[in-house]
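Chain and residue survey
The lines below spell out each chain.
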Amino acid sequence: MRAMNRALIPLFSLGLLSVSVAQQQLQPMDMFRLNFFMTAGAEDPVAWLDADSYLVFDAGKGGRGAPSWSKVAARTGARESYLDKAALLASLGSGIDAGTLANPAAWLWNDEHTRFVLNVGGDLYSSALDGKAVQLTETPEEEEVGVRFSPDGNSVAFIANYNLHVVPAIGGEVRALTTEGHSDLFYGRLDWVYQEELYGRGNFQGYWWSPDSSQIALLKLDESPVEEFVLVSDVPARPTVERTNYPKVGEPNPVVDIGTITIADGKTQWFDVSDYPAEDRLVVRVTWAPDSAEVLFQVQNREQTWLDMRAGSVASGKSRLLWREDSDCWVEASAEPEWLDGGKAFLWLSERDGFKHVYKFGRDGKPQGRLTKGRWQVKELVAVDEAAGCAYVTSDKDSPIETHLYRLPLAGGELQRITTGRGMHDVTMVPGNQAFVTKWSDANTPSCTYLRDLDNKNLREIAVSRPQLMKPFGVTEPEFFQVETRDGFPMEAMMIKPANFDPKQQYPVVQYTYSGPHTPRVRDQWGSRDFLWHQLLAQRGYIVFVCDNRSASGKGREYAKACWRKLGQSELADLEDAVDWLAAKPFVDGKRVAIWGWSYGGYQTIYNLTHSKKWAAGVAVNPVTDWRLYDTIYTERYGGLPTTNAVGYERGSVTNAAKNLHGKLMLIAGAMDDNVHMQNSFQFLHALQQAQKDCDFMVYPRVRHSIGDLQQQVHLFTRFEKFLKENL
């Protein structure tokens, strides 16, 4: 399970947002207007061409007209058109859908950014920068997905009809590298659970080009054991029916195999993974060695209590175990290795001591020491600069609610902090590693983008947000602090008080939670819609309180494992401690505390209301209500199998505990949620009815887990506000 997708981008006209002093009261629509306009038109570097220039895809500095690709001088901002769009339009013909060209994700570039592929009218077209497009496929009835250039730029691979194909980038014969694929046998394509829980939401690509462009490594997923889940829309009169392979807890996963295909002759060989039973095997990461002689892949058992790093020989088809990573709870898949010394060694992130740190291994898998250590975490290994003898990492070393860029000596030694001040940095190194781009924000400032040198000196402000648009609404600054649990764990917490706060008055409280493993909500980082929603609540006279239980804290597996095999239970204990601390404050009305959350946060909201009387009300959006209804890979990682942890699943089910519901509940579900199925809400409602209990229930038709329709979200938060007014 992942936190809900907040990439909701409404298209407002500027006239809709008034910043006059008279408009002091935030309304639900203002949350979306403000969040949009504070960063509207921001220049966003998409890819670096060299150390001096990058590509952007937008409508230009004026923000008017159709978006296109521009080359930008990094230090001055000077722009020039990057491709001949007029020639491209003429080449593609009058049938081109303008929406295709307006979507940056539709443009698939080669590594050098000298050629691209577009899907137009159901077929693939390739063009150089002169805009003279050539048609690559002539099968408009077939969907082509997972399009990728070879590293040398000469070939294009894609998936059609569940088979892997390749075609010359300048046009020519399309060759099927596999031919046996069908709706229950995927070659080079991921299924729902693999993309959602292992390789990244929305990423269905299950193949990887070799560095020398001569071969492709790929996964084969046999879906025949996987049960379908059916969603039925409300439109049209004979509704659309969606069928998705979705393995629920304890059910069979797809059977996975990994192999390679030689491009020249189509020769395929599969690595021997028979040591891992088919029903108990996951392949969770794949990458090539720099010399293209081996494929490194990570294998786990379905409960993910260990991880094996293996190296498969392309020449022999045999694979060897480099090492096994295990723990006293679970092991999460790590990022791919960062290679050193021409492929003789690599750096790897591991939580083996309970905290994520950088380790060095030889190509043979033998450990060569660790580079970082401490009760803090390395968030990302951003880049390696062997010539300078260092790597660049982001870490929370100096504050658990911030992320900064550090220089890490490869020979060993202390981290050297580069970024200063407060907030969160999302960093990309410039080619050559002499500068970096950071997307920075703090709790009060929407994201800004800066080009900086290695002394943290600003070389250029690429995009600066407009937090001044919030000024007429009188937003209040969040307060950050820590709350200790009964056993002394310091939980990170945040509070937003009403603007005219009176310490002699008692206020009702709205608490926000997500609670799921490694998913903190207390961060000195721009909170987008939720931050503005919480400001609206503060305007209405509520104190807003956010506190991360230890398993959600993001402080390392050492603390996250508190929830292992007992989801909901340790989270409740920590959150009860937080509420007890809060209720002891003289300005808090401890009898009027509500809690709300989305997804896992929705689950935890109901868990708290069915297992405690410390909350008077709650709002749960798209919650899991019984973990046996969720997918295998996420749930079994943290909860184990029902056959090995029956007690944990019984106790973690809020449906089982529906009869104990205390306080008022508003339950919200997206009818077409393909992640947390509305089945969860229905089963909980049935249990409430059997117990003669009641709740407020709203279904949002035609939307998925994020309820990504603007008007429906405005409706949701308007109704949310009304619910609080009536029940708190």
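Structure first, text after, so check above.
Residues numbered from 1 in each chain as written. Predicted model: local features only at pLDDT ≥ 70, side-chain atom pairs only at ≥ 80, totals over all residues. Heavy atoms only, no water.

Moving on, we get to the overall build of the protein. From N to C terminus, the protein includes 12 helices and 43 strands. Against the compact-globule benchmark of 27 Å for 728 residues, the protein has a radius of gyration of 26 Å, which places it among compact chains. Taking the principal axes of the C-alpha coordinates as reference, the protein spans close to 75 × 65 × 60 Å. Residue burial in the protein is summarised as follows: out of 728 residues, 58% are buried. (Helix = DSSP H or I, 4+ residues; strand = E, 2+ residues; numbered from the N terminus. Rg over C-alpha atoms; globule rule 2.2 N^0.38 Å. Buried < 20%, exposed > 50% of the residue type's maximum accessible area, 1.4 Å probe, protein only.)

Time to look at the packing of aromatic side chains. Summed over the entire model, instances satisfying the criterion amount to 46 aromatic pairs. On the basis of an interplanar angle of 55° and a centroid distance of 4.9 Å, the ring pair of Trp 533 and Phe 717 is categorised as tilted. Taken together, the positions of Trp 533 in helix H5 (residues 528–539) and Phe 717 in helix H12 (residues 710–727) put the pair 184 residues apart, joining distant regions of the chain. Here Phe 717 falls in the buried class, since its relative accessible area comes to 0%. Taken together, Trp 330, Tyr 514, Tyr 600, Tyr 603, Tyr 607, Trp 627, Tyr 630, Tyr 634 and Tyr 638 form an aromatic cluster joined through their ring pairs. Here the guanidinium or amino end of Lys 497 rests over the ring plane of Phe 501, the centre of that ring lying 4.5 Å away. Over the ring of Trp 564 we find Arg 565, and its NZ or CZ is 5.4 Å from the ring centre. (Phe/Tyr/Trp six-rings, centres within 6.5 Å; stacked < 30°, edge-to-face > 60°. Lys NZ or Arg CZ within 6 Å of the ring centre and 35° of its normal.)

Residues lying three or four places apart along an α-helix face the same way, a consequence of the helix completing one turn every 3.6 residues. Across the 8 residues that make up helix H9 (residues 632–639), a large majority, 8, are buried. For H9, the complete set of buried residues consists of Thr 632, Ile 633, Tyr 634, Thr 635, Glu 636, Arg 637, Tyr 638 and Gly 639. The secondary structure elements touched by the buried residues of H9 are helix H4 (192–199), strand S20 (282–288), helix H8 (600–611) and helix H10 (646–652). Its side-chain oxygen placed 3.1 Å from the backbone nitrogen of Ile 633, Asp 631 serves as the N-cap of H9. At the exit of H9 stands Gly 640, carrying a positive phi of roughly 75°. (Contact = heavy atoms within 4.5 Å. Polar contact = N/O pair within 3.5 Å; in protein donor to acceptor, adjacent residues only side chain to side chain.)

Let's shift gears to helix H11 (residues 679–690). With 12 residues, H11 extends 16 Å between its outermost C-alpha atoms, agreeing within 8% with the 16 Å of an ideal straight helix rising 1.5 Å per residue. Taken residue by residue, H11 has Asn 680, Ser 681, Phe 684, Leu 685, Ala 687 and Leu 688 as its buried positions. Buried residues along H11 cover an arc of 160° about the axis, so they all sit on one side. Check the buried side of H11 and you find it contacts H8, strand S42 (664–670) and strand S43 (696–700). A positive backbone phi angle near 60° is found at Gln 692, which sits one or two residues after H11. (Expected span 1.5 Å × (residues − 1). Arc of directions from axis to C-beta.)

Residues Tyr 194, Tyr 199, Leu 219, Ile 258, Val 286, Phe 297 and Trp 627 are the most contacted members of the largest nonpolar core, which totals 95 residues. Other than its neighbours up to four places away in sequence, Ile 258 contacts Leu 218, Leu 219, Trp 270, Phe 271, Val 273, Val 283, Val 286, Val 295 and Phe 297. Within the second largest apolar cluster, 46 residues are counted, among which are Phe 473, Tyr 512, Leu 536 and Tyr 700. (Core = buried A, V, L, I, M, F, W, Y, C linked by side-chain atoms within 4.5 Å.)

Among the secondary structure elements, Gln 205 is positioned in the loop between H4 and strand S14 (207–209). There is a polar contact of 2.7 Å between the side chain of Gln 205 and the side chain of Arg 148. If we skip the residues at most four places from it in the chain, Gln 205 touches Arg 148, Gly 188 and Leu 190.

Attention now moves to the pairing of S20. Counting buried residues along S20, 7 of its 7 residues qualify, which places the element largely inside the surrounding structure. Where S20 lies against strand S21 (residues 294–300), 6 bridges are found, and the strand directions are antiparallel. From the neighbouring strand, Thr 287 faces S21, where its bridge partner is Leu 296. Counting the residues that bridge the hairpin from S20 to S21 gives 5 residues, and of these Ser 292 lies at a positive phi of roughly 65°. (Pairing = 2+ DSSP bridges.)

Applying the stated criterion across every chain yields a total of 39 salt bridges. Of the charged contacts in the structure, one is a salt bridge between Arg 79 and Glu 43, with a shortest N-O distance of 3.1 Å. Here Arg 79 is found in strand S4 (residues 79–81), whereas its partner Glu 43 is found in the loop between helix H1 (28–37) and strand S1 (47–50), with 36 residues between them in sequence. For the salt bridge of Asp 398 with Arg 417, the shortest nitrogen-to-oxygen distance reads 3.3 Å. (Salt bridge = Lys/Arg side-chain N within 4 Å of Asp/Glu carboxyl O.)

For the rest of this paragraph, the subject is the packing of helix H7 (residues 569–583) against H8. Two numbers describe how H7 lies on H8: the axes approach to 10 Å, and their chain directions differ by 70°. By the criterion of interaxial angle, the relationship of H7 to H8 is roughly perpendicular. Taking contact as the criterion, the partners of Gln 569, Glu 571, Leu 572 and Leu 575 in H7 are, on H8, Tyr 600, Gln 604, Tyr 607, Asn 608 and His 611. Across the contact of H7 with H8, the residue classes tally to 4 nonpolar, 4 polar and 1 charged. (Axes fitted to C-alpha atoms, helices over the stretch in contact; angles between N-to-C directions. Parallel < 35°, antiparallel > 145°, perpendicular 65-115°, else oblique. Nonpolar A, V, L, I, M, F, W, Y, C, P; charged D, E, K, R; others polar.)

As a packed pair, H1 and H5 sit with axes 9 Å apart at the nearest point and diverge in direction by 140°. With respect to H5, the axis of H1 lies oblique. Crossing geometry of H1 relative to H5 is assigned as right-handed. Residues Pro 28, Met 31, Phe 32, Leu 34 and Asn 35 of H1 touch H5, and the partners they reach there are Ser 528, Arg 529, Leu 532, Trp 533 and Leu 536. For the contact of H1 with H5, a count of residues per class yields 7 nonpolar, 2 polar and 1 charged. (Left-handed = near helix turned anticlockwise from the far one by under 90°.)

The 4 strands are arranged S1-S2-S3-S4 in an open sheet whose pairing can be described as antiparallel. Two strands bound the open sheet, and with one partner strand each, they are S1 and S4. Strand after strand, the sheet turns through a mean of 35° between neighbouring axes, direction not considered. Here S1 pairs with strand S2 (residues 53–58) via 3 bridges, running antiparallel. When the bridges of S2 are listed, Trp 48 appears paired with Tyr 54.

On to unusual backbone geometry, then. That bond from Val 235 to Pro 236 is cis: its omega, -5°, falls within 30 degrees of zero. Summarising the element assignment, Pro 236 is placed in the loop between strand S16 (228–232) and strand S17 (241–245). Even without being a glycine, Ser 213 presents a positive backbone phi close to 65°. Looking at the element boundaries, Ser 213 is found in the loop between S14 and strand S15 (215–222). Taking relative accessible area as the criterion, Ser 213 reaches 10% and is therefore assigned buried. Residue Ser 292 is not a glycine yet carries a positive backbone phi of 65°. Tracing the backbone through its elements, the reader meets Ser 292 in the loop between S20 and S21.

Moving on to the pairing of S42. Across the 7 residues that make up S42, a large majority, 6, are buried. In terms of strand pairing, S42 meets S43 through 5 bridges, oriented parallel. Its bridge partner being in S43, Ala 669 is matched across the sheet by Val 699. A crossover connection joins S42 to the parallel S43 through H11; in handedness this β-α-β unit is right-handed. (Right-handed = clockwise from strand over helix to strand, strands pointing away.)

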